[in-house]
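Single-letter residue listing:
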Amino acid sequence: MSQSLPSRSSPPPASSSPSLWQRLRAPRSPQAVVLLLSAWLTLTANWALWLRLPTLDGYTGSLPVLVLRALPLVFFAIALLLSFTAWPRWMKPVWLLLLLTAACSQYFMVEYGTMMDSGMINNVLQTDVRESADLFNPRLLLEVAVIVGVPALWLWRLPIRGGRTALASLLRTLGLFVLAAALLAASVFVSYRELAPVVRNNLWLRYMFNPVNPVLAVVDTALKPVLHKKRPFVSITGGAALGASYAAGSKPPLFVLVVGETARAANFSLNGYARDTNPELARREVLSWRNAYSCGTSTRESVPCMFSHLGREGFYGAKADHDNLLDVLQAAGLAVLWIDNQAGCKGVCERVPSASTADRVNTPEGKALCTTDGECLDGMLLSGLDERIAKLDPARRARGIVLVMHEMGSHGPAYYKRSTPETKVFKPECETNALSGCPREHVVNVYDNSIRYGDLFLAQTIDWLTQQQARYETGLLYMSDHGESLGENGLYLHGIPYAIAPDEQKHVPMIAWLGTLGARTHVGEACLRKELDKPVSHDNLYHTVLGLLDVASPTYKPALDALQSCR
């Protein structure tokens, strides 16, 4: 039996069209991958920008028009960045790393209102494991799952099609770079008239392109040590000497300088806050300056600056590194000890003796005040003080002692860890680190409870100093390193660049208990109580401490001594 042949007039067999998955998995050029990833990141990883556009200061135009103008700027900026990765080999891990950077950055930008500039990258690098753990939240995993996971499934086994030659690949990548740069410039030109005033009124916009700004910040942080020569070191300890109050027969000073953490002046009842957050300090009749400001918005910036003799402008403009307040006090002959309950002293204590609360976690106080991962409440700073003092140089100890206590304070976002049950008086609390998911009043409650615990700790320190007055002339000065945002304008935590940071991140408490040290250096408390509204800042700290301790130095400026006018 013969097999019949298909008729010449019959149509060819129908071929099934490729599925969507097959089309997605078709070989792609690296340039096409970069453009698709740029579109994906524009739509999924820039919600910190899209959500804040309706709140622009001074913009009265159409919001949809503004979004349409911003979209090409974001897309072409991302494409320009990713064009450096448009190569056929070894780029998949780089693309995934960029996606991960974008996901993590968006989490912090949306959740806390942070801006990923080089200062924030440095803060991240100087944060210890305990502080990092406080920032972790399941929402971060969700961001990673969406922004990284979805394109990762597509990318992992996607064939990448390169040019026929290395030169062809180079020309394609160069072409993408030029095209992205040209279209970005064209988008800026077209929208400049409308967007320029908006950016001037909302400087934070320049930090919002994700992952462009985080990547540039990382590159800047990495290259600075390579491109900038190590700065010379200039010592300022020459001429440091103890004053007349150290004459034979007088009791030596015992002075405690408390470096506060993340305390904002607005939430101190000593400064007029409606809630009673400082009952213990009020009973001890401390002095509280109501108009004090920090020289930075992060610990990394503020702590070295506040111990400098240069003031904020001089510190950031300096061409050389210098000794600091602790070095001068030690050079004058005093025993100096830094005690840390934080992630390090940021270089301030590297030339003086130092200790950490971590070395006492197995003591009875440690078991009561520290968690299993070694994080301690600030009361641990008082643990074993007599033992710590006994280890200091006897000759220096006989002349006087300066203890610097670096608090954990109100460090966020896990504020609920920063107080004890008896100081949790404002309820309900936000009992999570996902602050934006809590009602703002709960965030304020939990933060105020941390201030209330800080009030108790400072009062306990003052009481300990009072017990030492048979042997020492005692006094205390407290100043926070920076403030904190608690949801105002959608911002949380701190670290916004100083020029555009809100007042809440710069307005800090400054408190003094002069004890018997004030009389030793002829300070009139009644006079000071009339001057607590005068402006002071971290610029005053260096000179105020030298004056209170009667330490002479060529760097001392009486005009910056906050106590000088009442001597």
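Structural data are supplied above this passage.
Computed from a prediction, not measured in an experiment: that's the story for all the values here. (Residues numbered from 1 in each chain as written. Predicted model: local features only at pLDDT ≥ 70, side-chain atom pairs only at ≥ 80, totals over all residues. Heavy atoms only, no water.)

Asks: How should I be thinking about the overall build of the protein in this particular structure?
Replies: When you go through the protein residue by residue, the secondary structure sums to 21 helices and 14 strands. Along the longest, intermediate and shortest principal axes, the C-alpha atoms of the protein span 130 × 50 × 50 Å. In the protein, which comprises 567 residues, the proportion classed as buried is 52%. Within the protein, contacts between residues at least 6 apart in sequence are counted, and of these 79% link residues at least 24 apart. Accessible area of the protein: about 26,000 Å², with a carbon and sulfur share of 61%. (Helix = DSSP H or I, 4+ residues; strand = E, 2+ residues; numbered from the N terminus. Buried < 20%, exposed > 50% of the residue type's maximum accessible area, 1.4 Å probe, protein only. Contact = heavy atoms within 4.5 Å. Areas by Shrake-Rupley, 256 points an atom, 1.4 Å probe, with all protein chains shown as cover.)

Asks: Looking at this model, I keep getting lost on the packing of aromatic side chains. Mind explaining?
Replies: Given two aromatic rings, one states the distance between the centres and the angle between the planes to describe the pair. Within this structure, the stated rule accounts for 9 aromatic pairs. Taking the centre distance of 6.5 Å and the plane angle of 25 degrees together, the rings of Phe 268 and Tyr 478 count as stacked. Pair noted here: Phe 268 is in the loop between strand S3 (253-260) and helix H11 (279-283) and Tyr 478 is in strand S9 (residues 473-480), with a separation of 210 residues, a long-range link. Aromatic pair Phe 315 and Tyr 316: ring centres 5.2 Å apart, planes at 80 degrees, arrangement edge-to-face. An aromatic cluster is defined as three or more aromatic residues linked by ring pairs; in this entry it consists of Tyr 107, Phe 108 and Tyr 112. Above the ring of Tyr 498, the side-chain terminus of Lys 506 is found at 4.6 Å from the ring centroid. (Phe/Tyr/Trp six-rings, centres within 6.5 Å; stacked < 30°, edge-to-face > 60°. Lys NZ or Arg CZ within 6 Å of the ring centre and 35° of its normal.)

Asks: Just checking my understanding: could you explain the sheet that holds strand S8 (residues 401-406) for this structure?
Replies: The strands making up a sheet are joined through hydrogen bonds of the backbone, oriented either antiparallel or parallel. Judged by pairing direction, the sheet is mixed, and its 8 strands sit side by side in the order S7-S6-S8-S3-S9-S12-S4-S13 without closing on themselves. Edge positions in the open sheet fall to strand S7 (354-356) and strand S13 (536-537), since each of these has one partner strand only. Relative to S9, S3 is paired through 8 bridges, and the arrangement is parallel. Within S9, the residue paired with Phe 255 across the bridge is Gly 475. The strands touched by helix H18 (residues 440-467) are S3, S8, S9 and strand S12 (507-513); relative to S3, the strand with the most contacts, the crossing angle is about 175 degrees. (Pairing = 2+ DSSP bridges. Axes fitted to C-alpha atoms, helices over the stretch in contact; angles between N-to-C directions.)

Asks: Looking at this structure, how should I read the state of the cysteines?
Replies: Covalent bonding between the sulfur atoms of two cysteines defines a disulfide. As enumerated under the stated definition, the model contains 5 disulfides in all. Each sulfur of the disulfide joining Cys 370 and Cys 376 lies 2.0 Å from the other. Disulfide Cys 370-Cys 376: torsion about the S-S bond near 100 degrees, hence right-handed. Across the pair, exposure class does not vary: Cys 370 and Cys 376 are buried alike. (Disulfide = S-S within 2.5 Å.)

Asks: What exactly am I supposed to notice about unusual backbone geometry here?
Replies: Trans peptide bonds make up most of the peptide bonds, and negative phi angles are found at most residues other than glycine. Across the junction of Gly 412 and Pro 413, the peptide omega takes the value 5 degrees, indicating a cis bond. Counting through the fold element by element, Pro 413 comes out in the loop between S8 and H18. Of note, the phi angle at Asn 489 is positive, near 55 degrees, even though the residue is not glycine. Relative to the helices and strands, Asn 489 is located in the loop between strand S10 (485-486) and strand S11 (492-493). For Asn 489, a relative accessible area of 71% puts it in the exposed group. For Leu 493, which is not glycine, the phi torsion reads 60 degrees and is therefore positive. Looking at where Leu 493 falls in the secondary structure, it is placed in strand S11.

Asks: Would you mind showing me how to read the side chain of Thr 297 here?
Replies: Note that Thr 297 resides in the loop between strand S4 (287-293) and helix H12 (299-306). Residue classification places Thr 297 among the buried positions, given a relative accessible area of 1%. Residues contacting Thr 297, with those up to four places away along its chain left out, are Ser 302, His 482, His 494, Gly 495, Ile 496, Tyr 498, Ala 501, Gln 505 and Lys 506.

Asks: Before we go on, may I ask you to explain the pairing of S8 in this structure?
Replies: It is a general feature of regular strands that their side chains alternate between the two faces of the sheet. Counting buried positions along S8 gives 6 out of 6 residues, so the element sits mostly inside the fold. Both faces of S8 are covered, namely the face carrying Ile 401, Leu 403 and Met 405 and the face carrying Val 402, Val 404 and His 406. As defined by bridge partners, S3 adjoins S8 across 6 bridges and the pair is classed as parallel. If you follow Leu 257 over to S8, its bridge partner there is Val 404. Bridge count between strand S6 (residues 335-340) and S8: 6 bridges; the pairing is parallel. When the bridges of S8 are listed, Asp 340 appears paired with His 406.

Asks: So what exactly am I meant to see when it comes to the environment of Thr 516 here?
Replies: Relative to the elements of secondary structure, Thr 516 occurs in the loop between S12 and helix H19 (517-520). A C-alpha to C-alpha distance of 20 Å links Thr 516 and Leu 532, two positions 16 residues apart in sequence. If near-sequence neighbours (up to four positions away) are discounted, Thr 516 is found in contact with Gln 469, Tyr 472, Glu 473 and Thr 474.

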